[in-house]
Amino acid sequence: MNTPRRSCPWLVVALWLSATVPVVASPVIVRVVPPGAPRGSTVEIELSGSDLGDARELFFQDPGIVVERLQSAGGRLVTATLRVAADCPTGPRKFRLRTRDGLSDLRTFRVGLLPQEAEVEPNNAPATAPVIALPRTIAGTVTADDVDCFRLRLEAGARIAAAIDGMRLDQEMFDPLLELVDSRGFIVAACDDHPLLAQDAMLAATVPEAGEYVLRVRESAFGGNDGCVYLLHVGDFPVPHVAWPPAARPGGEIEVEWLGDPGGVFRQRTRLPAVTGLEGLTEIHPLRHGVVGPVAVPLRVSPLSAVAEAEPNDATDKATATAAPAALLGRLGASGDVDWFRVDAPPGTTWHVRSWGRRLGSPIDLVLNIHRADDKRERITGNDDGAGPDSIAEVTVPAEGTFLVRINDHRQRGGDEFIYWIEVEPATPEVTVSVPPGRGGSQEGLVACVPRGNRTALVLTTARSNFGGSAHVSFAGLPTGVTTAAADAANAAPATIVVFEAAADAGESVALASVLVAAGGDGRPLGGLLQTTDLVVGQPNNAAYRSTVDDRLPVAVVDAATIHIEADQPTAPLVRRGSLELKVRAERPDGREGRIRLAVPFRPPGIGGPSTVELKEGETEAIFPLAASPEAALGEWQVAVTAAFQPKDKSRGDGELVVASRLVTLRVVEPLVTLAAEATTVEQGQQAKIVWKMQKPAGFSGAAKARLLGLPARTQAPELELPADAAQLEFPVTVAADAPAGTHKNVFCELRVTVGRDWVVQATPPTQLRIDRPLRPSPKTSEATP
């Protein structure tokens, strides 16, 4: 049995999560050139970044693009040949690069409709600008202080439209600006940001006279760099940005009015798909006079019955009435417009109220407020921007069995394009999980890379709605040879941990695994993965300007790791106000030299300790100290230890590799002994007694070792034994004559009890020791002589 280290780790302020799994060097793609291609084409692309050597697979999350060739050109460049199917869905196609050691960050490749060509430099001035044939997509780059020019030869009355993919290529914080300039240098049309395209731009104009026009592309603040790549679409296509109605039932056919095109409103019949993606949106390319717009417009697909606003409904007594569940449909037709709906539902039931506006291309900045439908119209709840640019709220129906929904624009704007779609649905029990984001909003550690014959681990944070019990996490569709061991997500903790293990003979591969979250008791489904990945971040504070959401987790089997670790199952519990030493063993099968950083990425609520513990070269065993606060969550908790290997010799091209131990169980219990002591006072140079009294019977047999900690300098007390049946424990404290005077408030008793092969170490609440200076004798008064 090992003697515990003389420390008081219980004083550490414990957190539920020390960090995510340690960050290691994984493949990073910073540039994709060209960033897209049209349907039915074959294109050569270059991926540049870091740690790209030994590329094994370019993995697209969905079908439609075939990788015909893949080749590494050093650690910073990969080239590939892509064949885009003629029926490939348009828009961003998500992909990752798998190398020998891991998966890259998530990137997108944009599939379009128009013939595509590369920008030809120099084109910074109209005189050197090429004349482009229409329609066309141009792949280019805005470097520092660059202005790219493209000449257009147009007849009088001709319509010209342009749209640019810049920020939406998910590579760079790039805010492009478009300008259409006539031969005299006057701006005919310009656009910076657009309601449908956010920081990207789209414009359309009818030119008054024949001649040459120049389309200019630049960064809005005259910036730029090698990462400011773009796809510029030019033609006479329609450019609406929102549909009316903006939603329909799955598989339903509707006629929509396209709004926002300078050429005016036009109509199109379209059928919505029966199945949509995670966010319940589909995208439709507008069609007018046989010309298809390259920029698709989103529509909501919903099974709910819709009720359209009935004007006037700008006052509570004129509210459009419906019964939940339902979808509320309308538009803020003019500045200052406010719409009211009255929704009937059973008293005491809880409902989600979710809005769609900006996500459908509407310029509306929608604000939701929910009020009681009584005489006072008291506000119950409200929200602005709770669902990204749109709003979401949850309401419990008051006793009158109805509530009012108030809709307005944050800046009191309005117009024909300010449409909205709001869904009122029952609030059902739901639990979703996600991998916490990396530092600074990065994508570090968002995927599971499992070395062959080894393990890795991911922390999963939980988001709960109307459910307070234990939740079980399971996986389907893992790569062949990969298994998982997942700790149940307890109600007391906002996270859990899962360990992935790959068999020694598992082939290197990658798959998108489905995640199921079910109730721990009856197994009813509660949700799954809801993973947000930030693609473009910037100022202020690394804010996310482009993100995507997925419901499947990338899991890859990679090359075997150079280390293997195990954590010993503790035989003793971890008590509140106590500590525990988790023993970790490391193996280095190939004898590689280097340091190993150990971490416990998931910790139960109230359990703390160091962020990492290091194993130096040659060391194979370590102690990872854990400490429990007085409020640590009781019960059995599963944790794992992760290890990041930092090789001394990096000439072999190995980055840091992360492996994990099997899950071990921490049993967090109440203190085995409850002692309390009253404040003690003593003078310098004297001896005091600090008496600890037993508050309840001891939960152990035999005797515990006890010592005082936190004593001031120049004082000392012996180590004692506390029999299990003792009523109190008296510590004699010797106080030197020069011991510091004052009140010392953090004196406590540390107890150590043997359990099996281990120690249970716990501490008492602190008491006070006050040290006084001795009183000086009063001077003798001399008697007066008669």
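Scroll up to find the structure.
Just so you know, these numbers come straight off a predicted model, no measurement behind them.

(A) Broad picture of the overall build of the protein. Summing up its helical and strand segments, the protein has zero helices and 67 strands in all. C-alpha extents for the protein along the principal axes are approximately 125 × 75 × 75 Å. In the protein, which comprises 786 residues, the share counted as buried stands at 52%. Both charge centroids of the protein, one from 77 positive and one from 96 negative side chains, sit 6 Å from each other.

(B) Summary view of the sheet that holds strand β31 (residues 366–372). Strand order in this open sheet of five strands is β27-β29-β34-β31-β32, and the pairing throughout is mixed. Each edge of the open sheet is held by one strand with a lone partner, namely β27 (320–323) and β32 (379–384). Each adjacent strand pair in this sheet contributes to an overall mean axis angle of 20 degrees, direction not counted.

(C) Summary view of the sheet that holds strand β52 (residues 613–615). Pairing within the open sheet is antiparallel, and its four strands lie in the order β52-β50-β55-β56. Edge positions in the sheet fall to β52 and β56 (657–660), since each has one partner strand and no second. This sheet shows a mean twist of 25 degrees between the axes of neighbouring strands, independent of strand direction. Direction of pairing for strand β50 (residues 594–599) relative to strand β55 (residues 642–647): antiparallel, over a ladder of six bridges.

(D) View of the packing of aromatic side chains. Overall, the coordinates contain two aromatic pairs when judged by the stated rule. Where Phe60 meets Phe95, the ring centres are 5.3 Å apart and the plane angle is 40 degrees; that geometry is what we call tilted. With Phe60 in strand β4 (residues 55–60) and Phe95 in strand β7 (residues 91–99), this pair connects stretches of sequence that are 35 residues apart. The pair Phe60 / Phe95 is uniform in exposure class, with both members buried. Geometrically, the ring pair formed by Phe475 and Phe500 is edge-to-face, given 5.4 Å between the ring centres and 65 degrees between the ring planes. Of this pair, Phe475 sits in strand β39 (residues 471–476) while Phe500 sits in strand β41 (residues 495–502), placing them 25 residues apart in sequence. A relative accessible area of 15% means that Phe475 is categorised as buried. It is Arg218 that lies over the ring of Phe222; its NZ or CZ is 3.9 Å from the centre. In this structure, Arg752 is placed above the aromatic ring of Trp759, and the distance from its NZ or CZ to the ring centre is 5.8 Å.

(E) Structural context of the pattern of salt bridges. For the structure shown, the criterion picks out 48 salt bridges. Close ionic contact of Asp101 with Arg100 constitutes a salt bridge, the shortest N to O distance being 3.4 Å. Judged by relative accessible area, Asp101 falls into the partly exposed class, the value being 24%. Note that Arg218 and Glu179 form a salt bridge whose closest N and O atoms lie 3.9 Å from each other. Of this pair, Arg218 sits in strand β16 (residues 211–219) while Glu179 sits in strand β13 (residues 176–181); the two residues are 39 residues apart in sequence, bridging distant segments of the chain. The exposure class assigned to Arg218 is buried, which follows from its relative accessible area of 11%. Beyond isolated ion pairs, a larger network of salt bridges with shared partners links Asp54, Arg56, Glu57, Arg98 and Glu508.

(F) Spotlight on a nonpolar patch on the surface. A cluster of nonpolar side chains, contributed by Leu113, Leu287 and Val292, occupies part of the molecular surface with about 200 Å² of accessible area. Among the structural elements, Leu287 can be located in strand β23 (residues 287–288).

(G) Fine view of the environment of Ile690. Mapped onto the secondary structure, Ile690 falls in strand β60 (residues 687–696). Linking Ile690 and Glu678, residues 12 residues apart in sequence, is a C-alpha distance of 7.9 Å. With residues near it in sequence (within four places) discarded, Ile690 still touches Ala677, Thr680, Leu708, Leu729, Glu730, Phe731, Val733, Val747 and Thr767.

(H) Just the pairing of strand β8 (residues 107–112), in detail. Burial within β8 is extensive, with six of its six residues counted as buried. Burial along β8 is two-sided: the residues Arg107, Phe109 and Val111 and Thr108, Arg110 and Gly112 are all buried. Sheet topology places strand β2 (residues 36–38) next to β8; three bridges connect them, and they run parallel. Paired with Pro38 across the two strands is Gly112, which belongs to β8. One ladder, built from five bridges, connects β7 with β8; its direction is antiparallel. Paired with Arg93 across the bridge in β8 is Phe109.

(I) Structural detail: the nonpolar core. Ile596, Leu598, Phe602 and Val641 are the most contacted members of the largest nonpolar core, which has 42 residues in total. Ignoring any residue separated from it by four or fewer positions in sequence, one finds Leu598 in contact with Val584, Ser611, Thr612, Val613, Leu615, Ala622, Phe624, Val641, Thr642 and Ala643.

(J) The pairing of strand β10 (residues 136–141), seen in detail. Here β10 lies mainly inside the structure; five of its six residues are buried. Alignment of β10 against strand β17 (residues 229–235), held across six bridges, turns out to be antiparallel. Within β17, the position partnered with Gly140 by the bridge is Tyr230.

(K) The state of the cysteines, seen in detail. Inspection of the entire model under this criterion finds zero disulfides. No disulfide involves Cys149; its sulfur sits 16 Å from that of Cys228, the nearest cysteine. Cys149 sits in the buried class, given a relative accessible area of 1%.

(L) Just unusual backbone geometry, in detail. Note the cis peptide between Val33 and Pro34, where omega equals -10 degrees. Among the structural elements, Pro34 can be located in the loop between β1 (28–33) and β2. Looking along the chain, the bond that leaves Trp244 and enters Pro245 is cis, with omega of -5 degrees. Residue position: Pro245 is located in the loop between β18 (242–244) and β19 (247–248). Unlike most non-glycine residues, Asp51 shows phi in positive territory, near 55 degrees. Positionally, Asp51 belongs in the loop between β3 (42–50) and β4. One non-glycine residue, Arg377, adopts positive backbone phi at about 55 degrees. Checked against the element boundaries, Arg377 lands in the loop between β31 and β32.

Criteria and cut-off values
Residues numbered from 1 in each chain as written. Predicted model: local features only at pLDDT ≥ 70, side-chain atom pairs only at ≥ 80, totals over all residues. Heavy atoms only, no water. Helix = DSSP H or I, 4+ residues; strand = E, 2+ residues; numbered from the N terminus. Buried < 20%, exposed > 50% of the residue type's maximum accessible area, 1.4 Å probe, protein only. Lys, Arg positive; Asp, Glu negative; His and termini not counted. Charge placed at Lys NZ, Arg CZ, Asp CG, Glu CD. Pairing = 2+ DSSP bridges. Axes fitted to C-alpha atoms, helices over the stretch in contact; angles between N-to-C directions. Phe/Tyr/Trp six-rings, centres within 6.5 Å; stacked < 30°, edge-to-face > 60°. Lys NZ or Arg CZ within 6 Å of the ring centre and 35° of its normal. Salt bridge = Lys/Arg side-chain N within 4 Å of Asp/Glu carboxyl O. Patch = residues over 30% accessible without salt bridge, like charges linked within 9 Å, V, L, I, M, F, W, Y side chains within 5 Å. Areas by Shrake-Rupley, 256 points an atom, 1.4 Å probe, with all protein chains shown as cover. Contact = heavy atoms within 4.5 Å. Core = buried A, V, L, I, M, F, W, Y, C linked by side-chain atoms within 4.5 Å. Disulfide = S-S within 2.5 Å.

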